[in-house]
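# Close look at the chain arrangement
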Amino acid sequence: MRISKKIIAIALSVLMAVSMMPFTVFADALPTATVTDITHSDENELGLEAAYKYEATATAAGSKYADYLADFVITVDKDLPAGAIELWGKYAAELSDNTGNWTKLEYNEAIEADKEYHLLQMSGYWPITYSDVADIIQTFYCGVNGLDAAGATMTVELKLFENAEDTTGIEIPSAKVEYTFPEAGNDFYSITESADIDFNIFVEATENVAAVKYTYNKLNEQEAYAAAEVTKTVSELTPFVVEYEGGIANCYEYSIVLAPGQIADEIKVEILNENGDAIREHKTSVKEYCEKLMAENDEGSELYNLAAATLDYGKAAAEFFDYTPYNGAFGDYNLGDATIDNYTISVPAEVKSVSYVAYSTPALRFVVDIAEADAAELTPSATIGTASYVKYEDGTVVLQIKDVLATDLDSTIHIDLGNGEAFDYVPLHIAKALADKGFKLGHAIANYNAAADAYFNA
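Residues numbered from 1 in each chain as written. Predicted model: local features only at pLDDT ≥ 70, side-chain atom pairs only at ≥ 80, totals over all residues. Heavy atoms only, no water.

## A closer look at the sheet that holds strand E24 (residues 413-416)
Two pairing modes exist for strands in a sheet, parallel and antiparallel, and in both the strands are linked by backbone hydrogen bonds. Our working rule: Strands were regarded as paired on the criterion that DSSP finds at least two bridges between them. To qualify as a helix, a DSSP run of H or I must reach at least 4 residues; to qualify as a strand, a run of E must reach at least 2; elements of each kind are numbered from the N terminus.
If you trace the three strands from one edge of the open sheet to the other, you get E21-E24-E25, paired in antiparallel fashion. Two strands in the sheet have a free side with no partner beyond their single neighbour: strand E21 (381-382) and strand E25 (422-425). When E21 meets E24, the two strands line up antiparallel, connected through two bridges. Opposite Ala 382, over in E24, you have Ile 415 as the bridge partner.

Dropping the structure here:
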């Protein structure tokens, strides 16, 4: 199969979601604790594949469980070879020489399915009573890396034992969490060669893939919008072969069209088996993609500049159109203010004003003094993009030129109104006007045009 698009493939990190439920404490009930997923927080200093924080929510004073022994019990639902997983733990309070430091559990034997493994006993930090947990330790951190555990589900729970001979223990329902190690698969994403912001997701066609669910916000809009969810079976997706550094992957492709102001928007991808269960999951964004490109390419290179210009374009568009969900999502601008040429534009009397529309592929809108009835009989045209008349709710007639590629923003477009009048227009004319009025969007449009032209037309 011929690959028709330029792919800059970046492997996605894989992480299955966990579900945790709060519990209400009643008098004389079991001790309670909360579990927080800290996988994507700063508290996961080691970048572990999955990490959790256990916090005691009641003191041991007056509890009949005060002198019960406590331990974190781990089970896995399938046999795993030695070295298949790494277990890590950390105390938040003074109880050992390793207080405040993540400690790896040194265990080099095969793991048996459904067998209980007692983390604190295996680490040498036992016996510990519930009083120790509730009144001294209070917070305990646990994390895991899966090295050869694809598809296995691990359960970690805090349990109490009446004494050292008690092998059954008592579960604390609010202190239990499950984590499923994702199945292996090479999944990628890219931006297309067509110089707009089409975000392409490539899911490897591994044996158990039956469908893919994509969760994102309504697409290609300049203003706030509602969440959308799309599920596609593999028969509805486009087969695609991705060549990457490690080889070739047979994948399924799906493209998501984004306005520049949306590039920080999270896109969630769940790869489903025939039962509808997620076997792999990804969360990403165009912003994350661009940041990776900048980190992996030399500053000043064509690809680096394109990624930087895309980030700046997204930031400027979000600011200009007051897309508040992204306030603070971007850092500083990456590129300086662009120098934009002056363009002398002569337009017919019917053309009153022009505006720039920050869709995935830019558009121009010219307010024209043409009656709606007359516009309906006219056939406008443009040498770049697609021309059509559109009526606003207030009755204003607009000539819209859609699908103006980023690489064409500095090109001359010959526009025919369809009534015998015509004129030439360069889209950077409006970028210059925006920049002159102090809007960063004007400079960002010009930088985006220059970077796209340098990379895609190289």
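## Things to note about the packing of helix H3 (residues 286-296) against helix H4 (residues 302-320)
Relative orientation and spacing of two packed helices are given, respectively, by the angle between their axes and the distance between those axes. Which entries qualify depends on this criterion: Axis lines are fitted to C-alpha atoms, over the contacting stretch for helices. Their N-to-C directions set the angle, which ranges from 0 to 180 degrees. Just so you know how the angles are binned, under 35 degrees is roughly parallel, over 145 roughly antiparallel, 65 to 115 roughly perpendicular, and the rest oblique. Throughout, a crossing is termed right-handed when the near helix is turned clockwise from the far one, and left-handed when it is turned anticlockwise from it by less than a right angle. Whether two residues are in contact is decided by their heavy atoms: any pair within 4.5 Å suffices. Throughout, the ten residues Ala, Val, Leu, Ile, Met, Phe, Trp, Tyr, Cys and Pro are labelled nonpolar, Asp, Glu, Lys and Arg are labelled charged, and all others, Gly among them, are labelled polar.
With their axes 8 Å apart at the nearest point, H3 and H4 run at an angle of 150° to one another. One finds that H3 runs roughly antiparallel with respect to H4. Relative to H4, H3 is oriented so that their crossing is left-handed. Between H3, through Val 286, Lys 287, Cys 290, Glu 291, Leu 293 and Met 294, and H4, the contact on the second element is made entirely by Leu 303, Tyr 304, Ala 307, Ala 308, Thr 310 and Leu 311. Classifying every residue of the contact of H3 with H4 by side-chain character gives nine nonpolar, one polar and two charged.

## Topic: the sheet that holds strand E7 (residues 117-118)
The four strands lie next to each other as E7-E4-E9-E10, forming an open sheet whose pairing is antiparallel. Of all the strands in the sheet, just E7 and strand E10 (170-180) have a single pairing partner and so form its edges. Relative to strand E9 (residues 153-161), strand E4 (residues 69-76) runs antiparallel, the two being bridged by eight bridges. Following the sheet pairing, Val 73 is matched in E9 by Glu 157.

## Regarding a negative patch on the surface
Put simply, the rule reads: Excluding any residue in a salt bridge, patches collect residues exceeding 30% relative accessible area, merging like charges within 9 Å and nonpolar Val, Leu, Ile, Met, Phe, Trp and Tyr side chains within 5 Å. For accessible areas, the Shrake-Rupley method is used with a probe of radius 1.4 Å. Any residue's cover is judged against the shown protein chains and nothing else. Criterion for a salt bridge: a side-chain nitrogen of Lys or Arg within 4 Å of a carboxyl oxygen of Asp or Glu. In this tally, Asp and Glu contribute negative charge and Lys and Arg positive charge; neither His nor the terminal groups of the chain are included. Where a charge sits is defined by one atom per residue type, namely NZ (Lys), CZ (Arg), CG (Asp) or CD (Glu). Accessibility here uses a 1.4 Å probe with only protein chains present; expressed as a share of the type maximum, an area under 20% marks a residue as buried, one over 50% as exposed, and anything in between as partly exposed.
On the surface, Asp 77, Asp 79, Glu 112, Asp 114 and Glu 178 cluster together into a patch of negative charge. Mapped onto the fold, Asp 79 is located in the loop between E4 and strand E5 (85-91). For Asp 79, a relative accessible area of 56% gives the class exposed.

## Observations concerning empty space enclosed by the protein
As a reminder, the rule being used: Here a cavity denotes a set of grid points, spaced 1 Å apart and computed over the protein atoms alone, in which a 1.4 Å probe fits but from which it cannot get out, and a pocket denotes an open set meeting protein on both sides within 12 Å along at least five of seven lines; residues with an atom within 4 Å of a point are reported as lining. Grid points are joined across faces, edges and corners, and a volume is the space filled by probe spheres set on the points.
Within the structure shown, the criterion is met by three cavities of 30 Å³ or more. Put simply, the second largest cavity is a space of about 90 Å³. Ala 56, Phe 72, Val 133, Gln 138 and Leu 158 are the residues nearest the centre of the second largest cavity, which is lined by 15 residues in total. Elements supplying a minimum of two residues to the lining of the second largest cavity: strand E3 (50-56), helix H2 (130-137) and strand E8 (139-146).

## Let's talk about the packing of H4 against helix H7 (residues 440-456)
Following both chains from N to C, one finds H4 and H7 inclined at 155°, their axes separated by 8 Å at the closest point. With respect to H7, the axis of H4 lies roughly antiparallel. H7 is crossed by H4, and the crossing has left-handed handedness. Residues Glu 302, Leu 303, Asn 305, Leu 306, Ala 309, Thr 310, Asp 312, Tyr 313, Ala 316, Ala 317 and Phe 320 of H4 lie in contact with H7, whose contacting residues are Lys 440, Leu 441, Ala 444, Ile 445, Asn 447, Tyr 448, Ala 451, Ala 452, Ala 454, Tyr 455 and Phe 456. Split by residue class, the contact of H4 with H7 holds 16 nonpolar, three polar and three charged.

## So, H3
To keep things clear, this is the line we draw: This arc corresponds to the set of directions leading from the helix axis out to the C-beta atoms.
Every buried residue belonging to H3 is among Val 286, Lys 287, Tyr 289, Cys 290, Leu 293 and Met 294, and all of these are buried. Angularly, the buried residues of H3 cover 160° about the axis, an arc narrow enough to put them on a single face. In H3, the exposed positions that point more than 90 degrees away from the buried face belong to Ala 295 and Glu 296.

## What about the environment of Met 122?
Within the secondary structure, Met 122 is located in helix H1 (residues 119-123). On the accessibility criterion, Met 122 (31% relative accessible area) is partly exposed. Sequence-wise, Met 122 and Glu 106 are 16 residues apart; in three dimensions their C-alpha atoms are separated by 8.5 Å. In this structure Met 122 touches Leu 105, Tyr 107 and Tyr 117, once residues within four positions along its chain are discounted.

## Digging into the packing of aromatic side chains
Applied cut-off: Stacked, edge-to-face and tilted are the three classes for Phe, Tyr and Trp ring pairs, Trp counted by its six-membered ring, which pair at centre distances within 6.5 Å; planes under 30 degrees apart are stacked, over 60 edge-to-face, the rest tilted. In this scheme, Lys NZ or Arg CZ marks a charge over a ring once it lies within 6 Å of the ring centre and within 35 degrees of the ring normal.
Taken as a whole and judged by the stated rule, the model has 16 aromatic pairs. Look at Phe 202 and Phe 240: their rings are 4.9 Å apart centre to centre, the planes differ by 40°, and that puts the pair in the tilted class. Placement of Phe 202 in strand E12 (residues 198-204) and of Phe 240 in strand E15 (residues 238-244) is noted, with a sequence separation of 38 residues between them. Every member of this aromatic cluster is reached through a ring pair, and the members are Tyr 54, Phe 72 and Phe 140. Just above the ring of Tyr 333 sits the side chain of Lys 315; from NZ or CZ to the centre is 5.1 Å.

## So, H4
Heads up, the rule is: Helix span, expected: 1.5 Å multiplied by one less than the number of residues in the helix.
Compared with an ideal rise of 1.5 Å per residue, which puts 19 residues at 27 Å, H4 spans 26 Å between its outermost C-alpha atoms and is within 8% of the ideal. Asp 322 sits one or two residues past H4 and shows a positive phi near 55°.

## A short note on the pairing of E3
Within E3, five of the seven residues are buried, leaving the element largely enclosed by the surrounding structure. Pairing of strand E2 (residues 33-37) with E3 involves five bridges; the strand directions are antiparallel. Among the inter-strand pairings, Thr 36 is bridged to a residue of E3, identified as Lys 53. Bridge count between E3 and E8: six bridges; the pairing is antiparallel. Along E8, the bridge assignment pairs Tyr 54 with Phe 140.

## Topic: the pairing of E8
Within E8, seven of the eight residues are buried, leaving the element largely enclosed by the surrounding structure. Direction of pairing for E5 relative to E8: antiparallel, over a ladder of seven bridges. In the strand pairing of E8, Ile 85 is matched with Gly 146.

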